[in-house]
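Survey of secondary and tertiary structure
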Amino acid sequence: MGCCQTIPQFSYHICHSTRLHEDIPQSKWPIVYSSDYNIGFLGLEKLHPFDSGKWGKVFRYLKESGLLKEDDVVTPVEATEEDLLVVHSSGYLNSLKWSMVVAGITEVPPVALLPNFIVQRKLLKPLRLQTGGTVLAGKLATERGWALNIGGGFHHCSAERGGGFCAYADITLSIKFLFERMEGISKAMIVDLDAHQGNGHERDFISDSRVYIMDVYNKYIYPHDSYAKGAIRCKVELQAYTEDDRYLSLVRKNLEKALEEFNPDIIVYNAGTDVLEGDPLGALSISPEGIVQRDQLVFELARGKGRPRQIPILMVTSGGYQKRTAQIIADSIKNLIAKGLISHQAAAVETEI
């Protein structure tokens, strides 16, 4: 592990003590999950189209398939305020102590009526835990070659503002932790294939040449953030209801181009499933099989046999607003294992080399 260094403009947070980068036994898969990821209180979670129990369903499907046992996965710790201050201002974090602000971010208006201690415990704590999971998965990816957080991908949140059910900037935080704490990690590529523009991490890295952003999104839907688009170095704006063949062709062509232009030390893959046909917010027409093929394509270009180099990859699950997305995510993970693109054994060997 690299040493933290004191840089004048970041002197407060560079060297703080944290549990987010704890060492993990080799017996564990580099898959991060906690049952406390799941959000449920008073039925209010049903007022937003997002399936706030999706993460638990993904894990249950993987267990039922026999691929994973309860103790195979890594349990993360919650990101503390000191951890979050690596990215967020104290002003932004303090604003989350107002339930009305959180109601706006999560797009669930009745949350504004709840005492904030309930909002913190029932809504924001699971999101802080998922944020800790993304940071830990980043470290695991550099050590094992790949890692998956069955959660996270809060790509609409930036240092100073949240939105779109994203209260913490987990992608930005994970990358900053890697830059500051891991030897040999100085360049990162974000491959954002959620149906929505990833304006949060784009705002955070708009002037940082160490981070290359490829974003493929439906240009007609939220968030329409023109300023943030200035950070995208490989931009693919999709027409509404784009289908598999066109979509997969564009992803392959542009990711190959991106990897020719930029040589990252890690890829952060935001694997949203709101591209699925019938999604009420994504407005694209990608089949379940198309999503599985998409994920396979990204891993093949990052780590497939015959590639010039094996690039560590961190995958987060991000958006997806249909009940069937959990099964598709589980099927995709099973496919990556079946294709030999991820494995527990390979991860352990890579760490020893």
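Refer to the preceding data block for the structure.
Residues numbered from 1 in each chain as written. Predicted model: local features only at pLDDT ≥ 70, side-chain atom pairs only at ≥ 80, totals over all residues. Heavy atoms only, no water.

1. What to know about the environment of Ser27
The cut-off we apply is this: Think of it this way: any DSSP run of H or I at least four residues long counts as a helix, any run of E at least two long counts as a strand, and we number them from the N terminus.
Its location among the elements puts Ser27 in the segment before strand 1 (31–32). For the pair Ser27 and Asp72, spaced 45 residues apart in the sequence, the C-alpha separation amounts to 7.3 Å.

2. Looking at the packing of aromatic side chains
Selection rule: Whether two aromatic rings pair depends on their centres lying within 6.5 Å, for rings of Phe, Tyr and Trp, where Trp uses its six-membered ring; planes under 30 degrees apart make the pair stacked, over 60 edge-to-face, and the rest tilted. A simple rule labels every residue: compare its accessible area, found with a 1.4 Å probe on the protein chains alone, to the largest value its type can have, and call it buried under 20%, exposed over 50%, or partly exposed in between.
Counted according to the given criterion, the structure contains 4 aromatic pairs. Note on Tyr33 and Tyr37: the rings are 5.5 Å apart at their centroids and 75° apart in plane angle, and the pair reads as edge-to-face. By the burial criterion, Tyr33 is buried, and Tyr37 matches it. Ring centres of Tyr33 and Phe59 lie 4.7 Å apart, and the angle between their planes is 35°; on these two criteria the pair is classed as tilted. Taken together, the residues Tyr33 in the loop between strand 1 and helix 1 (54–64) and Phe59 in helix 1 connect sequence positions 26 residues apart. Neither residue differs from the other here; Tyr33 and Phe59 are each classed as buried. One aromatic cluster is present, formed by Tyr33, Tyr37 and Phe59 through successive ring pairs.

3. A few points about the packing of helix 10 (residues 288–303) against helix 11 (residues 325–338)
To keep it simple, the criterion reads: For every element, the axis is a line fit to its C-alpha atoms; helices are fit only across the contacting stretch, and the angle between N-to-C directions ranges from 0 to 180 degrees. Angle categories: roughly parallel below 35 degrees, roughly antiparallel above 145, roughly perpendicular from 65 to 115, and oblique for all the rest. If you view the pair so one helix is near and one far, a crossing is left-handed when the near helix is turned anticlockwise from the far one by less than a right angle, and right-handed when it is turned clockwise. Whether two residues are in contact is decided by their heavy atoms, any of which lying within 4.5 Å being enough. The residue classification treats Ala, Val, Leu, Ile, Met, Phe, Trp, Tyr, Cys and Pro as nonpolar and Asp, Glu, Lys and Arg as charged. All others, Gly included, are polar.
As a packed pair, helix 10 and helix 11 sit with axes 9 Å apart at the nearest point and diverge in direction by 40°. Between helix 10 and helix 11, the interaxial angle falls into the category oblique. Relative to helix 11, the crossing made by helix 10 is right-handed. Only Ile328, Asp331, Ser332, Asn335 and Leu336 of helix 11 make contact with helix 10, whose side of the interface consists of Pro288, Ile291, Val292, Asp295, Gln296 and Phe299. Residues belonging to the contact of helix 10 with helix 11 are distributed by class as follows: 6 nonpolar, 3 polar and 2 charged.

4. Here we look at the state of the cysteines
Using the following cut-off: Cysteine sulfur atoms that pair up within 2.5 Å are treated as a disulfide.
Under the criterion given, the structure shown has 0 disulfides. For Cys157, which is in no disulfide, the shortest distance to another cysteine sulfur is to Cys166 and amounts to 6.9 Å.

In short, shape yes, function no, at least from these values alone.
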